[in-house]
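What the coordinates show
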Amino acid sequence: MKLHELDISQLSGLIGRKEISVPELTRSVLDRISEIEHKLGSYISIDEERALVRASEVQEKIDKGEIKSPLAGIPMAVKDNICTRDMTTTCASRMLDKFIPPFDATVISKLNENGAILLGKLNMDEFAMGSTSFYSYFKKTKNPWNSINTPEVLCEGTPVSVAAGEAVYALGSDTGGSIRQSASMCGVVGLKPTYGLVSRHGLVACASSFDQIGPVTRNVRDCTLVLNAISGKDHMDSTSTGTSIDDYSKFLGKEIKELRIGIPGEFINNKGLLEEGIGKVFQDAVNTLSGTGIHFEEFSFPLMEYVLPVYCIISYGEISSSMARYDGIKFGYRAESCEDLIDLYKKTRGEGFGPEVKRRVILGTYFLSAKQYEKYYKKALKLRRAITDELEKALEKYDVIIGPVLPVTASTFTEHAGNPAMANEYDAFTCIANLTGLPAMSIPCGRDAMGYPAGLQLFGRRFREDILLKVAYAFEQNLGEVK
Amino acid sequence: MNREKDYEVVIGLEVHAELATSSKIFCSCSTEFGGLPNTHCCPGCIGMPGTLPVLNKNVVEFAIRAGLATNCEISGFTKMDRKNYFYPDLPRAYQISQYDIPICKDGFIEIEINGVKKKIRIARIHIEEDAGKLVHDQWSTGSLVDYNRSGVPLIEIVTYPDMNSAEEARLFLEGLKAILQYTGVSDCKMQEGSLRADVNISVKPKSQEELGVRTEMKNLNSFRAIIRAIEAESRRQIEELESGGKIYRETRRWDDEKGVSFSMRSKEEAQDYRYFPESDIPPVIIDSEWVEEIRKSLPELPETRKRRYMEEYGLPAYDAEIITSSKALSDFFEETVKNGANAKTASNWIMGELLRLLKEKGVEDDSIPFPPVHLAKLIDIIEKGIITGTIAKKVFDNMFDSGKDPVAIVDEQGLKVVADTGTLLPVVKKVIENNPGSVADYKAGKTKALGFLMGQAMRETKGKADPKLINQLFIEELEKL
Ligand SMILES: [Zn+2]
């Protein structure tokens, strides 16, 4: 077996038993990148030298017994909207193409303490507005499951790097579904933790009340190991909350037959939205799981029809405000030869932002304007509360709620990536978690007719990632790996 | 034509006061005034991507203090909101402020005008962050931005339109300033911009019920400018109406040098700030226990102090008012009394010589260049007859300039009273000899002439002669003639 195909636990074991060294492992993943990156384009930047220096340092610390984390010495990468000191953090935007933060995001500091080896920064849609990299200023990342016979499928770099062995695990961000959607299309595991479980300090804001950082890994066990390291209260983010759970891996392998699992009818019976091929992959997975004695129950989630508009109104409003600081004055791109201040603003923002950012900023500005606020934003805030209450109520009855991640196949998703009217709709199943702040994840559950992976989505109770991961692990065991 | 008396002026104020917390509202940077440009800054202060604001709890406490001291209701639940607009001094292009749920609401401050008490109601007090400052570079055409002030905590105090003259507005501001200083909420240093006001003014014929159209003047940063702006703007509005014109709802810029205001922009085309809840900061829950704790810790407020000075020390209302209107002055007074000085005498010195010198030398009353114990000592040596009143004034001037102990000044310069007959008698004789005219006047019954002669003798002794003794010697000597 090749090193780049192993998971965190396996690699950590090899390092611990001194069967491989951290520099060796790092070198091997860097070699894998050299071999395949030109075909995929997962990375916006790679810092080989830094990674190798760091690898030796970490090896030394492991030898001295100074680090005991399972993440020690494991090469990984992060999405390019997570701030890294002395390394560019571009958000895949012309606006920040040379931006080097003077500080590390809290998740980066925490991973450093755990001895992680950061290889580089991953491609994404501009300012995280999408899951395909279609709107990246730099390049488009290809799905590693592409083959000669299928139309090319795009994906953001985070899961691609993990699926293709260019990183053992990665950190992504999820505002409306990025982590789960892209993990689903690449056949890896992606978790959007409960809002507040992971500090957002150092995550470049897209929509503040929706954004969360989460792990993208090869399997559920790896997911728990990364979550252990990055979660917890942070004084730099006052919306972060601590929990008493210190090790999520200890819940894996526990019996789940007594648990109640709900499926919203609005997900699977929506023939207008749900593509048949995806419906079948999901149903097959449910059938397989039912065969092992797990019970599923369909339930009704009537407010589902409001989820998308409410998500768009509030998140676009927040986006219009969080994108406002890019004005050419302090950092980032500044247009040249401007006549006056207004001209500087117009040119800088006109040239620095791509079309999807502009679309959301314009719509968000409209929703927040004095004349429209009552009609859109205020109503949306009320509905957000109501949707949250309804889903939390359902979660009193069910331990976990499941459904498909995307309503369409990876190829349909890519086909419409540049068409906002269509692409918006595809966030319907995932953005619920961001709207309500609840945890949700994607685990591989099969492949569509063209051979692209499709994920199964699980929603859990607030701050009960322990139950969520326990169920995900049981599912993973029963569904088998997607090869 | 003077029709001003037929009109009523209606004034509302929005006062911004910088809080005296040592660190900024959303990060731990220093709030200290001055410093090289962009040195009191962190990534958060300049709105760098990835940074998050974390609300400084002291800011909330300071605002509660201000609210309690101005008789406000304190909200049990409050939240922050974003106010969106583009300007280079606003690093995130939104100001974190409060929109619909301010920390404090429905308070008042009482003023006294022509012996009549009047309540000026406060609609709300909310917290927000200050912006940076544009510096116009003298060597190029561009402007530079200094973000040292960015994130300095402010409270905005919004009144109802309850004031009807520049004098009422002045009294309100004096009262507010004293309260903020007493409670330690703000140092209210206007020259450093830590207290500034937006003024809303309208006028209406006295017979008319409804309010007139109001204009707004922003960012006035001295009491003098505020008063002058109110006077000029109300006059302008009355003249406009009298000549058949109309007042437009607009923002006007006050030019204090020229003493006139200019139209800036009309409210119709006013900016839409697109307020919405700030999701990076969770709502703040203020429990009543905390509020009570803060209420108990409030110091004596100016109004109470004033009453106490009148009752306990017998100071006249006027003196008590002037001294308590400044916390620094009042604290100086209290310390002087604590050091043994008679309260009325101390008050006389403060009201007279001290205020005169502060004004003359342009010194702020929180920077009095000598400690209260020196004034107490000075009063003590006067009362003991060690120096004369005339000499005391000189010693006071010297104390003010040098900061030296008055006893040391007296010793060094040999300013003690001369009270022995052996020294003074020859002086008296000499003065009598040199001023035959005055002597004749005295003899003719003009007792005023004695004053002149004593003055001459004082001059000879450089003010050090014991006035009682010298008076007695003159009478004796003149009797002999
Ligand atoms: Zn700062």
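As the structure is a prediction and not an experimental result, all values here were calculated from the model.

Looking now at the sheet that holds strand E6 (residues 212-217) of chain A. Residue and element names in this part refer to chain A. Taken together, the eleven strands give an open sheet; going across it, the order is E1-E3-E2-E4-E6-E5-E10-E11-E9-E7-E8, and neighbouring strands pair in mixed fashion. Looking at which strands have only one partner, the edges of the open sheet turn out to be strand E1 (43-46) and strand E8 (296-299). Geometrically, the sheet is characterised by an average inter-axis angle of 30° between neighbouring strands, direction not taken into account. Across the sheet, helix H2 (residues 22-40) lies against E1, strand E2 (75-79) and strand E3 (117-122), angled at about 20° from E3, the strand it touches most. Contacts between helix H7 (residues 220-230) and the sheet are confined to strand E4 (169-174), strand E5 (189-192), E6 and strand E10 (440-447), with E6 contributing the most and set at about 145° to the helix.

Time to look at the interface of chain A and chain B. The interface is formed by 38 residues belonging to chain A together with 31 residues belonging to chain B. The contact between chain A and chain B buries some 2600 Å² in all, and 62% of this surface belongs to carbon and sulfur atoms. Taken as a group, A:Ser238, A:Ser321 and A:Arg325 account for 21% of the area that chain A buries against chain B, more than any other trio of residues on that side. At the surface where chain A touches chain B, the tally comes to one salt bridge. Ionic pairing is found between B:Asp280 and A:Arg200, a salt bridge with its closest N-O pair at 3.0 Å. Our count for the contact surface shared by chain A and chain B stands at 13 residue pairs in polar contact (both at pLDDT 80 or more). Of all the secondary structure elements, the ones that give two or more residues to the side of chain A that touches chain B are helix H10 (304-322), helix H11 (341-352), helix H12 (355-368) and helix H13 (374-397) of chain A. No other element matches the four residues that H10(A) contributes to the side of chain A that touches chain B.

What follows is about the nonpolar core. Grouped together as the largest cluster of nonpolar side chains are 171 residues, with contacts concentrated most on A:Phe127, A:Tyr169, A:Leu171, A:Ile402, A:Met441, A:Leu458 and A:Phe475. If you tally residues by element for this core, the top one is H10(A), at ten residues. Setting aside anything within four residues of it in sequence, one finds A:Phe475 in contact with A:Ile256, A:Ile261, A:Leu289, A:Ile294, A:Phe296, A:Ile402, A:Ile443, A:Leu456 and A:Leu458. Within the second largest apolar cluster, 72 residues are counted, among which are B:Val9, B:Ile25, B:Met80 and B:Trp290.

According to the domain assignment, chain B contains domain 1 (4-290), domain 2 (300-413) and domain 3 (421-480). Averaged C-alpha coordinates put domain 1 of chain B and domain 3 of chain B at centres separated by 64 Å.

Here the focus is the coordination of the zinc ion. Residue and element names in this part refer to chain B. Ligation of the zinc ion by protein atoms is provided by Cys27 (SG), Cys29 (SG), Cys42 (SG) and Cys45 (SG), these donors lying 2.2 to 2.3 Å from the ion. Note that the zinc ion binds four donor atoms; their angles at the metal cover 104 to 119°, and the shape is tetrahedral. Counting the intervening residues between successive donors of the zinc ion yields the motif C-x1-C-x12-C-x2-C. Of this pair, cysteine 27 sits in the loop between strand E1 (7-18) and helix H1 (57-69) while cysteine 42 sits in the loop between E1 and H1; the two residues are 15 residues apart in sequence, bridging distant segments of the chain. Judged by its relative accessible area of 23%, cysteine 42 falls in the partly exposed class.

Calculation rules
- Residues numbered from 1 in each chain as written.
- Chains lettered and ligands numbered in written order.
- Predicted model: local features only at pLDDT ≥ 70, side-chain atom pairs only at ≥ 80, totals over all residues.
- Heavy atoms only, no water.
- Pairing = 2+ DSSP bridges.
- Helix = DSSP H or I, 4+ residues; strand = E, 2+ residues; numbered from the N terminus.
- Axes fitted to C-alpha atoms, helices over the stretch in contact; angles between N-to-C directions.
- Contact = heavy atoms within 4.5 Å.
- Buried area = accessible area lost by both parts, 1.4 Å probe.
- Salt bridge = Lys/Arg side-chain N within 4 Å of Asp/Glu carboxyl O.
- Polar contact = N/O pair within 3.5 Å; in protein donor to acceptor, adjacent residues only side chain to side chain.
- Core = buried A, V, L, I, M, F, W, Y, C linked by side-chain atoms within 4.5 Å.
- Buried < 20%, exposed > 50% of the residue type's maximum accessible area, 1.4 Å probe, protein only.
- Domains from an automatic or database assignment.
- Donors = N, O, S within 2.8 Å, 3.2 Å for Na, K, Ca; no water.
- Tetrahedral: all angles 85-135°; square planar, octahedral: opposite > 155°, others 65-115°.

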